[in-house]
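The lines below spell out each chain.
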Amino acid sequence: MIWNKEAECMRIGKRENLQLERMRAILRRAYKNVPYYKKRFDEMNVKPGDIKSLKDLKNFPFTTKTDLREGYPFGLFAVPRKEIIEVHTSSGTTGKPTVSGYTKKDIEIWGEVVARALTMCGASKDDIIQNGYGYGLFTGGLGVHYGAQRIGATVVPVSAGQTKRHLDIMQDFGSTILTCTPSYALYLTEAAVEAGINIKKLKLKAGCFGAEMWTDRMRDEIEKRFHLMALNIYGLTEIIGPGVAQECDQKNGLHIFEDHFYPEVVSPETLEPLPDGEKGELVLTTLTREGMPMIRFRTRDITTLRREICKCGRTLVRMDRITGRTDDMLKIRGVLIFPYQIEKALLEIKGVEPHYQIIVTRPQHLDEIEVQVETSKKLFSDEVKHLEEVKKKIEKRIENSIGLRVKVTLVEPKTLPRSEGKAKRVIDKRQL
Amino acid sequence: MEVRQISLFLENKKGRLWEAMEVLAKAKINIRALSIADTSDFGILRLIVPDPEKAEKVLTKSNFTVRENDVIAVGVSDKPGGLAGILKILTDADINVEYMYAFVEKSGKKAVVVLRTDSISNGKKALKKAGVAVLSPKEVYSL
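Keep in mind it's a predicted model, so treat the numbers as computed, not measured.

(A) Focus on the overall build of chain A. A count of helical and extended segments in chain A gives eleven helices and 20 strands. Per-residue burial over chain A gives 46% buried out of 432 residues. Relative to all contacts within chain A whose residues are 6 or more apart in sequence, the contacts with residues 24 or more apart total 66%.

(B) Main features of the overall build of chain B. The number of helices and strands found in chain B is five helices and six strands. Helices (α) and strands (β) of chain B occur, in sequence order from the N terminus, as β-α-β-β-α-β-α-β-β-α-α. In chain B, once contacts between residues fewer than 6 apart in sequence are set aside, the share between residues at least 24 apart is 67%.

(C) Just the interface of chain B and chain A, in detail. Taken together, the contacts link 16 residues of chain B with 15 residues of chain A. In terms of residue count, the dominant contributor to the side of chain B that touches chain A is strand E1 (residues 3–11) of chain B (four residues). Partitioning the side of chain B that touches chain A into residue classes produces four nonpolar, six polar and six charged.

(D) Highlighting unusual backbone geometry. Cis peptide bonds are those with omega within 30 degrees of zero, and the linkage from Tyr72(A) to Pro73(A) qualifies with -5 degrees. The residue Pro73(A) is located in the loop between helix H4 (65–70) and strand E1 (84–90) in this model. Notably, Lys414(A) is not glycine yet its phi reads approximately 60 degrees, a positive angle. Although it is not a glycine, Lys28(B) sits at a positive phi angle of roughly 55 degrees. Here Lys28(B) lies in the loop between helix H1 (16–26) and strand E2 (33–38).

(E) Broad picture of the nonpolar core. All names here are of chain A. Core analysis: the largest hydrophobic core is formed by 146 residues, its most contacted members being Leu118 and Val244. Among the elements that make up this core, the one with the highest residue count is helix H5 (residues 104–120) (eight residues). In this view, Leu118 contacts Ala123, Ile129, Gly147, Ala148, Ile151 and Cys208; residues no more than four positions away in its chain are not counted.

(F) Region of interest: the sheet that holds E2(B). All names here are of chain B. The antiparallel open sheet is built from six strands, whose spatial order is E2-E3-E1-E4-E6-E5. The open sheet is flanked by E2 and strand E5 (97–104), the only strands paired with a single partner. Here the average twist between neighbouring strands, direction ignored, is 30 degrees. Pairing of E5 with strand E6 (residues 110–117), which is carried by seven bridges, proceeds in the antiparallel orientation. Note that in E6 the partner of Tyr101 across the bridge is Val114.

(G) How the structure looks around the pairing of strand E17 (residues 356–361) of chain A. All names here are of chain A. Both E17 and strand E18 (residues 368–374) contribute to a ladder of six bridges, which runs antiparallel. Looking at E18, one finds that Gln357 is bridged to Gln372. In this antiparallel pair of consecutive strands, E17 and E18, the connection spans six residues, and His365 shows a positive phi of 60 degrees. Two elements, E17 and strand E20 (residues 426–428), share three bridges in a ladder whose sense is parallel. Across the sheet, the residue bridging to Val360 is Asp428, located in E20.

(H) Here's a closer look at the sheet that holds E20(A). Residues and elements named next belong to chain A. Here we have four strands laid out as an open sheet, ordered E19-E18-E17-E20, and mixed in their pairing. With partners counted over all chains shown, the strands left at the sheet margins are strand E19 (407–411) and E20, one partner each. Ignoring strand direction, the axes of neighbouring strands in this sheet form an average angle of 20 degrees. Contacting E17, E18 and E20, helix H10 (residues 339–347) crosses the sheet at an angle of about 130 degrees to E17. Where helix H11 (residues 384–402) meets the sheet, it contacts E18 and E19, and its direction lies at approximately 135 degrees from that of E19.

(I) Examining the packing of H10(A) against H11(A) more closely. Residue and element names in this part refer to chain A. It is at 9 Å that the axes of H10 and H11 come closest, and there the two elements cross at 140 degrees. In terms of axis orientation, H10 runs oblique to H11. As for the relative orientation of H10 and H11, their crossing is right-handed in sense. Side by side, H10 and H11 meet where Gln341, Ile342, Lys344, Ala345 and Leu346 of the first sit next to Ile394, Arg397, Ile398, Ser401 and Ile402 of the second. Looking at the contact of H10 with H11 residue by residue, the classes come out as six nonpolar, two polar and two charged.

(J) Spatial organisation of the confidence of the model for chain B. Looking at chain B as a whole, the pLDDT averages 90, with 99% of positions reaching at least 70. Here the complex is predicted with pTM 0.68, and the ipTM for its interfaces comes to 0.84.

(K) Spatial organisation of the environment of Glu190(A). Structurally, the position occupied by Glu190(A) is in helix H8 (residues 182–194). Sequence separation between Glu190(A) and Phe226(A) is 36 residues, and the spatial gap between their C-alpha atoms is 9.9 Å.

(L) Molecular detail of the packing of H8(A) against helix H9 (residues 216–226) of chain A. Residues and elements named next belong to chain A. For the pair H8 and H9, interaxial distance at closest approach is 10 Å and the crossing angle is 35 degrees. For the pair H8 and H9, the sense of crossing is left-handed. Taken together, the residues of H9 that come into contact with H8 (itself represented by Pro182, Ala185, Leu186 and Thr189) are Met218, Glu221, Ile222, Arg225 and Phe226. Counted by class, the contact of H8 with H9 contains six nonpolar, one polar and two charged residues.

(M) Summary view of the environment of Leu24(B). Residues and elements named next belong to chain B. Locating Leu24 in the fold gives a position in helix H1. Given 19 C-beta atoms within 10 Å, Leu24 falls into the partly exposed group. As for Leu24 and Val58, which are separated by 34 residues in sequence, their C-alpha atoms are 7.5 Å apart.

(N) Summary view of the environment of Gly277(A). Residues and elements named next belong to chain A. Inspection of the secondary structure assignment puts Gly277 in the loop between strand E10 (261–266) and strand E11 (279–286). For the pair Gly277 and Thr304, spaced 27 residues apart in sequence, the C-alpha separation works out to 5.6 Å. Each residue touching Gly277, except ones within four places of it in the same chain, is listed here: Thr304 and Arg306.

Cut-offs applied
- Residues numbered from 1 in each chain as written.
- Chains lettered and ligands numbered in written order.
- Predicted model: local features only at pLDDT ≥ 70, side-chain atom pairs only at ≥ 80, totals over all residues.
- Helix = DSSP H or I, 4+ residues; strand = E, 2+ residues; numbered from the N terminus.
- Buried ≥ 20, exposed ≤ 12 C-beta atoms within 10 Å, placed from the backbone.
- Contact = placed C-beta atoms within 7 Å.
- Nonpolar A, V, L, I, M, F, W, Y, C, P; charged D, E, K, R; others polar.
- Core = buried A, V, L, I, M, F, W, Y, C linked by C-beta atoms within 7 Å.
- Pairing = 2+ DSSP bridges.
- Axes fitted to C-alpha atoms, helices over the stretch in contact; angles between N-to-C directions.
- Parallel < 35°, antiparallel > 145°, perpendicular 65-115°, else oblique.
- Left-handed = near helix turned anticlockwise from the far one by under 90°.
- pLDDT = per-residue confidence, 0-100.

Written out as structure tokens, the structure reads:
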């Protein structure tokens, strides 16, 4: 099913014309109404009128999270504050949070793009959407909520972290679509088994999972345990929230709703745009946002754009599953490492549970990585030598993947923290 | 029928062994024999109990990683050279012992040795052939 066939299946040339027209308009508005953008454009000696083709966007300055913090709280709004009908903030793990302001029209756009995303997961008026994303300042809960209501589905706003209630509602209401973070979905499957729930009897048919990095192996695990189709959603508060991109049932990358969000992939080193098919940092420009236009926002997410036409019929560009972040990159003994690489290596080993924690220390001026992995019945043995072999096997696999030796420690099941929002995978204890 | 042993994974953490014992105590499971293998960051606790299935169930329910496997139990006369005789038989049959532990039964006449060989059936065969008293599960559980 396709929510907005005209927009999602538009002829590419026609869409490019639409994007160009919208790009010019938003650059004009940003320049005229936001002093921050005026200053930056003037510094770089660029004017909105310089845009002759979409590619010309590369001459415009990037916007970073730091820029947004400097404008805290309302400095990047492009409309008078009274036009803003809702604000969200993204978590401020380092310093102040960033604020995102929405006009009435922005909220409508948000509902539209999330409606497209949920429709890709098979949602229609007939569905009961159990929403496990957090409601509140986090965009996940309300974003999915607006999309579900746009479709006219029944949305159950459970929010994050009420496991017992989630399990009860799932059974009693017969929810058909689950929306939450993938790590919480896994946690729910464990809790369901513990509570003695017959998962096969649940009516769940699809899950719309996102807000954190995950892997295909995690998808397989969730699908196997929950008997549903698990699809990936992508978004970020600075751009709009969830609904920037969504995977269709082809499970072959996430379609970016590029009539609203213009994507570029740039080299993390040179910051030059890369051709399609090459891996780099995703940079997004909002094309229609009124309240807070984002020009060339550096997402820090690592992905690849693919233009090959998808079998689902949508002509929208696809991005690969996020494989890392330029700011979560760990630099260990000078080598760049993404936690994702360690996760992938781990999950290639049979019997290893997708729960792990990476601890970085510097005991004697040299970085060391410890990877804590939960044991499982499948890994465990009555013989020490077998357990030592399992450890060595995991260590070897990770070393092959990241090029560094790590120490693997086996810990007891269900002892690593399960986050009910974003899983905290890395603990960096180095004092630099 | 083989003698069943319960093994459980213990993270090297204060109080963890006590917690495991508490679970068994609450389930009123008495321990016949026990050994702990320890490494720098984890340990394996091995137990012989009268009702291995029940023990596995209650321990698993309390989030322990548990496994059940076969072991060989033999009665050895409680005197010098008793164990050496058993090991000689296995050595001659080219059978490797992965680990073993022993305890003295209540009457004090006999020691019971729990053995884990690579292949339980080969180990048992060699011992029986040499006329060693291999104990049945019933005999071991009721010691």
